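# Descriptive analysis of the structure
Each chain is listed here by its residues.
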Amino acid sequence: MKSNRYFIIDDIISIEELNWLYQNLINSQSWSLTWTSKKESIALMPFNSFPGITIEDHGKIFEGYLSGYFKSIQFRIYSRIKSLYSYELPCNIVRTAVCAKSSLSNSSMHLDSSDKDRWTILAFLNPSWDMNDGGEFYIENEKIDFIPGRVIVFPSFLMHNGGNVRAENHNDWRMVLNIIVDKKY
């Protein structure tokens, strides 16, 4: 589906692949517990931050295997957008990260970049999710349901936020892949 401002693509990542990926990510030793939506914020209070893994940032690769794996997903997304909408996204990776939220994690509306040439690729990595548990995604005032494997591609300057997980006893982390790309090389 394409809106005037963003793309939504389902079925880029199979449920079997999501099961494998989720289990490998949840067991990774690379998590930082003090991620925030706004980089200028410092997570002084534990509930103003959430866990995240930096995979790649401005050309520096921290997790080689995951960097290559997520690049292959990026190519699948590019191919689908090009075939469905005849649109070519920029392909230079600025940052790749995985972020997780629980019912105790909060974030606020933010933008990933003010650079008009940057795009955000966001993929929902949970193999299963009950929409009654929350975790939806907002681009400005538009709500997008959290559906396993769903990908949203949007200009990085649009205000957005991942909705809170409402179920306090939810056993799974709401996990997303976040790739920011631009045209610069």
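Residues numbered from 1 in each chain as written. Predicted model: local features only at pLDDT ≥ 70, side-chain atom pairs only at ≥ 80, totals over all residues. Heavy atoms only, no water.

## Things to note about the overall build of the chain
What counts is decided by this rule: To qualify as a helix, a DSSP run of H or I must reach at least 4 residues; to qualify as a strand, a run of E must reach at least 2; elements of each kind are numbered from the N terminus. Exposed residues in this analysis have more than 50% of their type's maximum accessible area, buried residues have under 20%, and partly exposed residues fall in between, with area computed by a 1.4 Å probe over protein chains only. Throughout, the Shrake-Rupley method with a 1.4 Å probe supplies accessible areas, and for residues the shown protein chains are the sole cover considered.
For the chain, the helix and strand inventory stands at 2 helices and 11 strands. Order of helices (α) and strands (β) in the chain, N terminus to C terminus: β-α-β-β-β-α-β-β-β-β-β-β-β. Within the chain, the proportion of its 185 residues that are buried is 50%. For the chain, the computed accessible surface area is about 9,400 Å², with 51% contributed by carbon and sulfur atoms.

## Some remarks on the side chain of Asn 178
Here is the rule: Contact criterion: two residues are considered in contact whenever any of their non-hydrogen atoms come within 4.5 Å of each other.
Within the secondary structure, Asn 178 is located in strand β11 (residues 174–182). In this structure Asn 178 comes out as buried when scored by relative accessible area, which is 7%. If we ignore the near neighbours within four places in the chain, the residues touching Asn 178 are Arg 95, Thr 96, Ala 97, Asp 112, Thr 120, Ile 121 and Leu 122.

## Overview of helix α2 (residues 64–85)
The cut-off we apply is this: Expected span of a helix, by definition, is 1.5 Å for each gap between consecutive residues, and there is one gap fewer than residues.
Taking 1.5 Å of rise per residue, 22 residues should cover 32 Å, and α2 covers 31 Å from first to last C-alpha, within 8% of that figure. Restricting attention to buried positions, one finds in α2 the residues Leu 66, Ser 67, Tyr 69, Phe 70, Ile 73, Gln 74, Ile 77, Tyr 78 and Ile 81. Downstream of α2 by a residue or two, Ser 86 has a phi angle that is positive, lying close to 50 degrees.

## Topic: the sheet that holds strand β10 (residues 160–162)
Across a sheet, strands are paired by hydrogen bonds formed along the backbone, either parallel or antiparallel in direction. We apply this condition: Here the rule is simple: two strands pair whenever DSSP picks up at least two bridges between them. For helices, the axis comes from a line fit to the C-alpha atoms of the stretch in contact; other axes are also lines fit to C-alpha atoms, and the angle between any two N-to-C directions lies between 0 and 180 degrees.
Pairing is antiparallel in the open sheet, where 3 strands are placed in the order β8-β7-β10. Sheet topology places β8 (142–144) and β10 at the edges, where each strand pairs with a single neighbour. In this sheet, adjacent strand axes meet at a mean angle of 20 degrees when their direction is disregarded. Here 3 bridges tie strand β7 (residues 137–139) to β10, and the two strands are oriented antiparallel to one another. Its bridge partner being in β10, Ile 139 is matched across the sheet by His 160.

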